[in-house]
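# Analysis of the macromolecular model
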Amino acid sequence: MCGIIGYVGRQNAAPVLLDGLARMEYRGYDSAGVAVRSETRGLQVKKSKGRLQVLSDMIHGGADLEGCLGIGHTRWATHGEPNDINAHPHVSENGAIALVHNGIIENYLEIKEHLQKLGVVFTSDTDSEVVAQLLEYHYNECHSMLEAVGRCLRRIEGSYALGIICADYPNALIAARKDSPLILGFGEDGNYLASDVTAIIKHTRDVAYMDDGEIAVLTADSIDVFDDELVPVEKEHHQVDWDVSAAEKGGYPHFMFKEIMEQPEAIRKTVSPRLRDGRVVLDEFQMTAEETRDISRIFIIACGSSYHVGMVSKYNWERLLRRPVEVCLASEFRYSDPLVDDHTLVIVISQSGETLDTMAAMREAKRRGGKTLAIVNVVGSSIAREADHVLYTWAGPEIAVATTKAYSTQLVLMDLVGLYLGDLLGTVAPEEYRAIVEAVERLPEQMQGWLAHVEDVQYFASRYFNHASMFFIGRNLDYAMGLEGSLKLKEISYIHSEAYASGELKHGTISLIEPGTLVVALGTYGPLFDKFISNVVEVKARGAEVMALTTEDFREKMGKTADAVVTVPNTHPILQPSLGVVPLQLFAYYVALQRGCDIDKPRNLAKSVTVE
Ligand code: M6R
């Protein structure tokens, strides 16, 4: 979604802004713009619909703009179509104030009408311009920018991360945040503002995370932060522990491919600090047996692929904990009047830690007394900071919009948490516990071995990439894994695809199967393999072309029915989806490659969904 960068210092600002925006391109956007201020030329604003390259060419890589203070933005349209006028920065009527905004101003119409009645003329269709005009209005009242920002924020409702520059404050950049991330970066040659740490990591790893309601004033040499009453606040500094190369392609053709290949290492980093002498140790989330027994309900809440992790975990946790587990889409949960009380454990899963629906669902659960545990990848993100407990997946920065390594690390971390709780409850037999821990320890190596030979998947992708529609079928864990395989394919190759519990086919869906329809048959779940084969036979009988995924144990049997078979190594059944999902990610990747799709930045999608 939208990206913000701001800089004030001793360098020419425009190239810094363009570079920061380029590093946030992965988030998805439809237009881009910058505003730079200098003593001689005043405020210079340039913006354009389309790729960042268009903007960069327009200002010759930034050389056309003069000034060491500026803000930049990549926009993902919500209010108003993607065009040059609706792109940010937005400038107030008298041309003195320019701002960039992420989020949604919910009461923008009411404020707009009020200002229009006072004679203010608006140029765009956006909710963001309303903030620029309102700021000018309050600034004219009080002649203090800080005070004007405070007054403005008291009037607007919704979510915002704001970067503001004002003609009367030639050396300062102002920032404000509510429900949309904003990071302050302390640099040697000046100070930075960004909605995403990747935008500024090249310049500094010394950062502070703004909290809701805070306003910051940045100059070349200082950053001062205030609360919503304009009282100064001391911010804790954090050191980002990865460097710029982690967010670069490093010779791979796409971030998605790089991130698929990084999965063994990401899993290793996520599990190894949590396995000691054959035991699961969760330093950041400790419960007693009594507290665990006190839990009467468990919810897993997430969106998209993180929700699919929840779907796999439901099967695994119910097996390990013998407690009912409910998996909910965050966007549904938050408005469902959920049955949460202080005996409820709520697991929230999010790669970005900024997904607005997930955050709102978590807040709702907390409000009702639930105990919240967040499984998050981005350190210092909003969900991580607001949850009662957080366990990080150590996948490193994930740039491709289609998640891969974050999904895999979430999955295995959920298995560890399930094992930990099951052990406390006494519902996991010691030999089962041992077998799972050993399997987790072996997992990265098994995955790495498999990833050395991806030719089969590449070949099948070239055989099937032209199909208009694909069905993923499976039972139990394979069904849950199929949901993710289907989503991967849809989001990057734009092929219509659905995932079904194969036992359900004959209750309706099988009518869609006709000669040549591609069915991806997921048969890695041993206990139901024979039942599953019957479903494969049913679709074959109706003319489907079947590409199957199975384990070494079942390869021969599967080969008798399917047209093509991909095999993954055997592991403990609860970990089988961790291996099985990898060929599905690669299949989607190679299909999208064959179809010439923009793999890392699929159309209409954003990496982190910070609006409802
Ligand atoms: O950052 P989150 O895990 O909260 O994001 C949730 C979904 O938006 C995300 O998983 C999305 O479905 C991915 N693009 C799928 O690849």
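Residues numbered from 1 in each chain as written. Predicted model: local features only at pLDDT ≥ 70, side-chain atom pairs only at ≥ 80, totals over all residues. Heavy atoms only, no water.

### Things to note about a negative patch on the surface
- Negative charge collects at one region of the surface, where E290, E291, D294, D341 and D342 lie side by side.
- As for its placement among the helices and strands, D341 is situated in the loop between helix 10 (330-333) and strand 20 (344-350). (Patch = residues over 30% accessible without salt bridge, like charges linked within 9 Å, V, L, I, M, F, W, Y side chains within 5 Å. Areas by Shrake-Rupley, 256 points an atom, 1.4 Å probe, with all protein chains shown as cover. Salt bridge = Lys/Arg side-chain N within 4 Å of Asp/Glu carboxyl O. Lys, Arg positive; Asp, Glu negative; His and termini not counted. Charge placed at Lys NZ, Arg CZ, Asp CG, Glu CD. Helix = DSSP H or I, 4+ residues; strand = E, 2+ residues; numbered from the N terminus.)

### Quick look at the sheet that holds strand 22 (residues 389-392)
- Pairing within the open sheet is parallel, and its five strands lie in the order 19-18-20-21-22. Taken across any chain shown, the strands that pair with only one partner, and hence form the sheet edges, are strand 19 (325-329) and strand 22. Averaged over neighbouring strand pairs, the angle between their axes works out to 20° when direction is ignored.
- Examined bridge by bridge, strand 21 (residues 371-376) and strand 22 share four bridges and lie parallel to one another. If you follow L373 over to strand 22, its bridge partner there is H389. (Pairing = 2+ DSSP bridges. Axes fitted to C-alpha atoms, helices over the stretch in contact; angles between N-to-C directions.)

### Points about the site of the ligand
- Surveying the vicinity of the ligand reveals 14 residues, the closest of which are S306, S350, S352, T355 and E491.
- One of the side-chain N or O atoms of S352 is found 2.7 Å from an oxygen atom in the ligand.
- Separating an oxygen atom of the ligand from a side-chain N or O atom of T355 is a distance of 2.4 Å.
- Coverage of the ligand by the protein amounts to 91% of the 410 Å² it exposes when considered alone.
- Counting atoms within 2 Å of the grid points, the majority share of the ligand lands in the second largest pocket.
- Every element with two or more residues in the shell around the ligand is listed here: helix 9 (304-321) and helix 16 (477-493).
- Among the residues forming the shell around the ligand, the class breakdown is four nonpolar, eight polar and two charged.
- Looking at the shell around the ligand, you find at least three residues from each of domain 2 (247-449) and domain 3 (455-594). (Near = heavy atom within 4 Å. Polar contact = N/O pair within 3.5 Å; in protein donor to acceptor, adjacent residues only side chain to side chain. 1 Å grid on protein atoms, 1.4 Å probe; cavity = no way out; pocket = protein on both sides within 12 Å on 5 of 7 lines; lining within 4 Å. Sits in = over half its atoms within 2 Å of the grid points. Nonpolar A, V, L, I, M, F, W, Y, C, P; charged D, E, K, R; others polar. Domains from an automatic or database assignment.)

### Focus: empty space enclosed by the protein
- Scanning all chains against the criterion turns up three cavities of 30 Å³ or more.
- Reported here for the largest cavity is a volume of approximately 110 Å³.
- In terms of lining residues, the largest cavity is bounded by 15 residues, among which C2, W76, T78, H101 and G103 are the most central.
- The class makeup of the residues in the lining of the largest cavity is four nonpolar, nine polar and two charged.
- One number sums up the size of the second largest cavity: a volume of about 40 Å³.
- If you go around the second largest cavity, the residues you meet are V457, V520, M547, L549, V566, P583, L584 and F587.
- Elements with a contribution of two residues or more to the lining of the second largest cavity: strand 26 (545-551) and helix 19 (576-594).
- Counting residues per element, the lining of the second largest cavity draws most heavily on helix 19, at three residues. (Points joined across faces, edges and corners; volume = space filled by probe spheres on them.)

### What about the nonpolar core?
- Core analysis: the biggest nonpolar cluster contains 124 residues, and F285, I347, L586 and F587 have the highest contact counts within it.
- Excluding anything up to four places from it in sequence, F587 contacts V457, F460, A461, Y464, M470, L489, L518 and M547.
- L99, I111, L135 and I215 belong to the second-largest nonpolar core, a separate cluster that totals 32 residues. (Core = buried A, V, L, I, M, F, W, Y, C linked by side-chain atoms within 4.5 Å. Buried < 20%, exposed > 50% of the residue type's maximum accessible area, 1.4 Å probe, protein only. Contact = heavy atoms within 4.5 Å.)

### Details of the domain arrangement of the protein chain
- Taken domain by domain, the protein chain comprises domain 1 (3-241), domain 2 (247-449) and domain 3 (455-594).
- The distance between the C-alpha centroids of domain 1 and domain 3 comes to 46 Å.

### Section: the pairing of strand 21
- Of all six residues that make up strand 21, five are buried, and the element is covered over most of its length.
- Bridge analysis of strand 20 against strand 21 gives six bridges, and the strand direction is parallel. Paired with S350 across the two strands is V376, which belongs to strand 21.
- Handedness of the strand 20-helix 11 (residues 356-367)-strand 21 crossover: right-handed. (Right-handed = clockwise from strand over helix to strand, strands pointing away.)

### A closer look at the packing of aromatic side chains
- Under the defined criterion, the tally for this structure stands at twelve aromatic pairs.
- Ring plane angle 65° and centroid distance 6.4 Å describe the contact between Y139 and Y169, whose orientation is recorded as edge-to-face. Taken together, the residues span a long stretch of sequence, with Y139 in helix 4 (residues 128-142) and Y169 in the loop between strand 7 (160-166) and strand 8 (173-178) at a distance of 30 residues.
- Under the relative-accessibility criterion, Y139 is labelled buried at 11%.
- Here Y169 falls in the partly exposed class, since its relative accessible area comes to 28%.
- Taken together through their ring pairs, the aromatic side chains of Y252, F257, Y589 and Y590 make up a single cluster.
- When the ring centre of Y494 is taken as reference, the NZ or CZ atom of R603 above it lies at 3.8 Å. (Phe/Tyr/Trp six-rings, centres within 6.5 Å; stacked < 30°, edge-to-face > 60°. Lys NZ or Arg CZ within 6 Å of the ring centre and 35° of its normal.)

### Let's talk about the sheet that holds strand 6 (residues 97-102)
- Spatially, 5-6-7-8-12-13-14 is the arrangement adopted by the seven strands of the open sheet, whose pairing is antiparallel. The open sheet terminates on both sides in strands that have one partner only, identified here as strand 5 (90-91) and strand 14 (232-233).
- Inspection of the sheet shows strand 7 paired to strand 8 by five bridges, in the antiparallel sense. When the bridges of strand 8 are listed, L162 appears paired with A176.
- Across the sheet, helix 4 is in contact with strand 5, strand 6 and strand 7; its angle to strand 6 comes to roughly 140°.

### Section: the packing of helix 9 against helix 13 (residues 405-425)
- Interhelical geometry of helix 9 versus helix 13 gives an angle of 25° and a closest axis separation of 9 Å. Regarding the angle of helix 9 to helix 13, the classification is roughly parallel. Read as a crossing pair, helix 9 and helix 13 show a hand that is right-handed. Only Y407, Q410, L411, M414, D415, V417, G418, L419, L421, G422 and L425 of helix 13 make contact with helix 9, whose side of the interface consists of S305, S306, H308, V309, V312, S313, N316, W317, L320 and L321. (Parallel < 35°, antiparallel > 145°, perpendicular 65-115°, else oblique. Left-handed = near helix turned anticlockwise from the far one by under 90°.)

### Description of the state of the cysteines
- Inspection of every chain in the model, using the stated rule, returns zero disulfides.
- In this model C68 remains outside any disulfide bridge; the closest cysteine sulfur is found in C166, 18 Å from its own.
- Assessed through its relative accessible area of 32%, C68 is described here as partly exposed.
- Of all cysteine sulfurs in the structure, the one in C166 sits closest to C142, which takes part in no disulfide; the separation is 10 Å. (Disulfide = S-S within 2.5 Å.)

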